[in-house]
Amino acid sequence: MDFSIFDNFFDGVLVISKERRILYANEKAREILGEGVKEGFSCFGLFSICKNCPLELVEEEERGVQVYDVITRSGKHVCLSMSPNSEGGAFSGVIEIFRDVSRVIHYMEEVKRQKEFVEVILNSIVEAVIVTDENGKVLEHNSSAKKVLCSELGEIKGKNIKEIIGLSISELPSEGERVDLYVRTPCGKQKASVLVSRLSVGKGYVLSFYVVPELFITEKEDFKIITKSPKFIRVLEKIKSVAELDVNILITGETGTGKTLLARYIHLLSPRRENPFVKINCGAIPENLLEAELFGYNKGAFTGAVKDKPGKVELADGGTLFLDEIGELPLHLQVKLLHFIQEKAFERIGDLKPRKVDVRIIAATNKNLKKLVGEGKFREDLYYRLNVVNVEIPPLRERKEDIPHLVDYFLKKFTKKYGKKVEGITPGTMRFLLSYDYPGNVRELENIIESCVVTCEGKFITEEDLPEDVKRCKIRSEAIGEKERILEALRKAKGNKSLAAKLLGMHRTTLWRKLKEYGIS
């Protein structure tokens, strides 16, 4: 073969024998690699001592190989293509064609440095910053964007802005005009101050915004109600509208949602606020003592009654009587309570003299009283007497936007109580708390933070500080989710385990192990 055809190539050319000797080097090759590169040298051009030489690969595959960044002994960057060379139909070696790309690499590294520089600046900005194309697809964002938008659990890059905040580019304010508006996030509907700017180079927009605090906080005596949940704020607005009216209220909701707190809040908003707020837990007192606790007794009414004792009803005169866990009230006492509500009068045990009192009744339960009525376990007439106004408290899993604020409140409360120097919680721990379902609601969250503050040895609470039962509960929940995903993949694959493994993105042996672990046949 006449190699002189390569003499005037703008690219460097080396012809290498299968014995790894240079057969030919054009002028450009010598310029790039140095004058030491000469025909007959037992070196493999760009691959110096040939330890990483792909010559065998070219011979075996009978095809070319491309390498995009090889650094020469002189420190230059080159990109290389290596093609098989044949003589008489037999493999005789390779032809290397390469180009000096040092300047391009330099520019690429400079662009990388500039990009990192811009990222540092963006991530130092407290406001959320999002860069989109003209259609609203997210191209870049700073670290504050995910935090402000409560998107720690998912990637926002590549999504349309409409998916992230519930508003399209066309629905956002005009360029250069900062406007307060409501956006939708995984933490719920939030008020945000938004500024839109058009990119000076290329097509697209820069959105900067921050959440405008709209936190409902009320402090009464020694308790505080904190929320920014639209659901819970509607509950509080309903309470405000009926608190001054002398009607009976039934508060419903799961255990730990704050029914007692809400009952006290109603009392403090009412005209009875200067009079007693008296609570009785109908499920915590033995049935044989409950009547005496509720209505009181006279001296000698039974063994041990050595003096007169007023009941909770009398003690609440002029104020509010809070009947917690009303669903636990025995049927025979339901009759007496109904009589008291209707007549505003009662009799102590061992006394025939009716006593009149003026009380407002608030009842609470975590049970379905309507269902208990149908089962004959709760009187229907009493149910309707208590349920003049119904207030249902949403569980914490339905108002997760409150979690960061409740965490902050409980953190300050317990660091002060125990004299600890805990400054906050790590982002990973907050993600855990945001993803947890809280079967015990706000009370459980409070207990979790108290436990963490007590056991935390550092300045920040980590996932390791979380109570073991909470971590186990989360692991069980994740396991249930994984089992459901496996079953769905098997259904789609019509029982083909290899195909199901591909759909799940896991190795077949991993899938078989998990099938055994979850008892899936």
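Positions within a chain are numbered from 1, following the residues in the order the chain's sequence is written. Selection of residues for local features in this predicted model requires a pLDDT of at least 70, selection of side-chain atom pairs for listing and counting requires 80 or more, and totals for whole chains, interfaces and linings are taken over all residues. Values shown for side chains rest on all heavy atoms present in the structure; no hydrogens or waters enter the calculation.

Details of the overall build of the protein chain
- When its secondary structure is counted, the protein chain shows 18 helices and 23 strands.
- Between buried and exposed lies partly exposed: a residue is buried under 20% and exposed over 50% of the maximum accessible area for its type, with that area taken using a 1.4 Å probe on protein chains only. Across the 521 residues that make up the protein chain, the buried fraction comes to 44%.
- In this analysis, two residues are considered to be in contact whenever any of their non-hydrogen atoms come within 4.5 Å of each other. A separation threshold of at least 6 residues defines the contact pool for the protein chain, and within that pool the share at least 24 residues apart is 56%. Put simply, DSSP H or I for four residues or longer makes a helix, DSSP E for two residues or longer makes a strand, and each gets a number counted from the N terminus.

Some points on the packing of helix H13 (residues 403-418) against helix H14 (residues 427-435)
- At a minimum axis separation of 10 Å, H13 and H14 run at an interaxial angle of 120 degrees. By the angle between their directions, the pair H13 and H14 is classed as oblique. Our pair here, H13 against H14, has a crossing hand that is right-handed. From H13, Ile403, Pro404 and Val407 reach across to H14, where they touch Met430, Leu433 and Leu434. Axes here mean lines fitted to C-alpha atoms, for a helix over just the part in contact, with angles spanning 0 to 180 degrees between N-to-C directions. Orientation labels follow simple angle bins: below 35 degrees gives roughly parallel, above 145 gives roughly antiparallel, 65 to 115 gives roughly perpendicular, and whatever is left gives oblique. Crossings are classed by handedness, with left-handed meaning an anticlockwise turn of the near helix from the far one by less than a right angle and right-handed meaning a clockwise turn.

Thoughts on the packing of aromatic side chains
- Only the six-membered ring of Trp is used, alongside the rings of Phe and Tyr, when aromatic pairs are assigned; centres must lie within 6.5 Å, and planes under 30 degrees apart are stacked while those over 60 apart are edge-to-face, with the rest tilted. Tallied over the entire structure, the rule returns twelve aromatic pairs.
- Every member of this aromatic cluster is reached through a ring pair, and the members are Tyr409, Phe410, Phe414 and Tyr418.
- Two conditions define a charge located above a ring, namely a distance within 6 Å from the ring centre to NZ of Lys or CZ of Arg, and an angle within 35 degrees of the ring normal. When the ring centre of Phe232 is taken as origin, the NZ or CZ atom of Arg399, which lies over that ring, is 4.3 Å away.

A short note on the nonpolar core
- Take the buried residues of types Ala, Val, Leu, Ile, Met, Phe, Trp, Tyr and Cys, join any two whose side-chain atoms come within 4.5 Å, and each joined set is a nonpolar core. Val313, Leu323, Ile326, Leu337, Phe340, Phe378 and Leu386 are the most contacted members of the largest nonpolar core, which totals 30 residues.
- At the level of elements, strand E14 (277-281), helix H8 (287-295), strand E17 (320-324), helix H10 (331-343), strand E20 (360-365), helix H11 (369-374) and helix H12 (380-386) are the ones that each hand at least two residues to this core.
- No other element matches the five residues that H10 contributes to this core.
- When residues no more than four places from it in sequence are discounted, the contact partners of Phe378 are Ile326, Gly327, Leu331, Gln334, Leu369, Leu372, Val373, Tyr383 and Leu386.
- Ranked by size, the runner-up nonpolar core spans 26 residues in total, among them Leu406, Val422, Leu433 and Val470.

So, the pairing of strand E7 (residues 138-141)
- One bridge is not enough; two strands pair if DSSP finds at least two bridges between them. The sheet contact formed by strand E6 (residues 128-132) and E7 spans three bridges and is antiparallel. The partner of Thr132 across the bridge, within E7, is Val138.
- Where E6 folds back onto E7 in an antiparallel hairpin, the turn is made up of five residues, including Gly136, whose phi is positive at roughly 95 degrees.

Focus on helix H18 (residues 508-517)
- Those residues of H18 that sit buried are Leu511, Lys514 and Leu515. Along the axis of H18, the buried residues cluster in a sector spanning 105 degrees; they form a single face.
- One or two positions beyond H18, positive phi appears at Gly519, with a value near 70 degrees. The arc in question is formed by the directions pointing from the helix axis toward the C-beta atoms.

Focus on helix H17 (residues 497-504)
- Here a polar contact is taken to be a pair of N or O atoms separated by no more than 3.5 Å, where protein atoms must pair a possible hydrogen donor with a possible acceptor and residues adjacent in sequence count only if both atoms sit in side chains. One side-chain oxygen of the residue at the start of H17 lies 3.1 Å from the amide nitrogen of Ser498, identifying that residue as Asn496.
- Downstream of H17 by one or two residues, Gly505 has phi in the positive range, about 70 degrees.

Let's talk about the state of the cysteines
- The disulfide criterion used throughout: a pair of cysteine sulfur atoms within 2.5 Å. Counted under the stated rule, the structure contains zero disulfides.
- Free of any disulfide, Cys452 has its nearest cysteine sulfur in Cys456, 7.8 Å distant.

A short note on the side chain of Ser17
- As for its placement among the helices and strands, Ser17 is situated in strand E1 (residues 12-17).
- Look past the residues within four positions of Ser17 in its chain and what remains in contact with it is Leu23, Leu55, Ser92 and Gly93.

Considering the sheet that holds strand E13 (residues 249-252)
- Spatially, five strands are ordered E14-E17-E20-E13-E21 in an open sheet, and the strand pairing comes out parallel. The open sheet has two edge strands, E14 and strand E21 (389-392), and neither has a second partner. Between one strand and the next, the sheet's axes are offset by a mean angle of 20 degrees, whatever the strand orientation.
- Of the pairings in the sheet, the one linking E17 to E20 comprises four bridges and is parallel in character. Its bridge partner lying in E20, Leu321 is registered against Ile361.
- Across the face of the sheet, helix H7 (residues 259-269) comes into contact with E13, E14, E17, E20 and E21 while running at roughly 150 degrees to E13.

Digging into unusual backbone geometry
- Even without glycine at this site, Tyr438 takes up a positive phi of about 50 degrees.
- Looking at where Tyr438 falls in the secondary structure, it is placed in the loop between H14 and helix H15 (441-455).
- Looking at Tyr438, the relative accessible area reads 0%, which means it is buried.
- The backbone of Asn441 shows a phi angle near 60 degrees, a positive value even though the residue is not glycine.
- Examined against the element boundaries, Asn441 turns out to sit in helix H15.

Here's the deal with the pairing of E20
- The buried count for E20 comes to six of six residues, which makes it a mostly enclosed element.
- Relative to E20, E13 runs parallel, the two being bridged by four bridges. Bridging across to E20, Thr252 finds its partner in Thr365.

Some thoughts on the pattern of salt bridges
- Salt-bridge detection follows one rule: a side-chain nitrogen of Lys or Arg within 4 Å of a carboxyl oxygen of Asp or Glu. On inspection of all chains with the given rule, the structure shows 25 salt bridges.
- Across the pair Glu31 and Lys28 runs a salt bridge whose closest N-O atoms are separated by 3.3 Å. Here Lys28 and Glu31 lie together in helix H1 (residues 27-33), a separation of three residues that amounts to about one turn.
- Assessed through its relative accessible area of 27%, Lys28 is described here as partly exposed.
- Where salt bridges share partners, they join Glu314, Arg348, Asp351 and Arg355 into one cluster.

Side note on the packing of helix H6 (residues 230-242) against H7
- Between H6 and H7, the shortest axis-to-axis distance is 10 Å and the interhelical angle comes to 40 degrees. Taken as a pair, H6 and H7 cross one another with a handedness that is right-handed. Between H6 and H7, the residues in contact are Phe232, Val235, Leu236, Ile239 and Lys240 and Leu262, Tyr265, Ile266 and Leu269, respectively.
- Charged residues are taken to be Asp, Glu, Lys and Arg, nonpolar residues to be Ala, Val, Leu, Ile, Met, Phe, Trp, Tyr, Cys and Pro, and polar residues to be all remaining types, Gly included. Among the residues forming the contact of H6 with H7, the class breakdown is eight nonpolar, no polar and one charged.

Some points on the environment of Leu149
- One can find Leu149 in the loop between helix H4 (143-148) and helix H5 (161-165).
- For the pair formed by Leu149 and Arg184, sequence separation is 35 residues and the distance between their alpha carbons is 8.5 Å.

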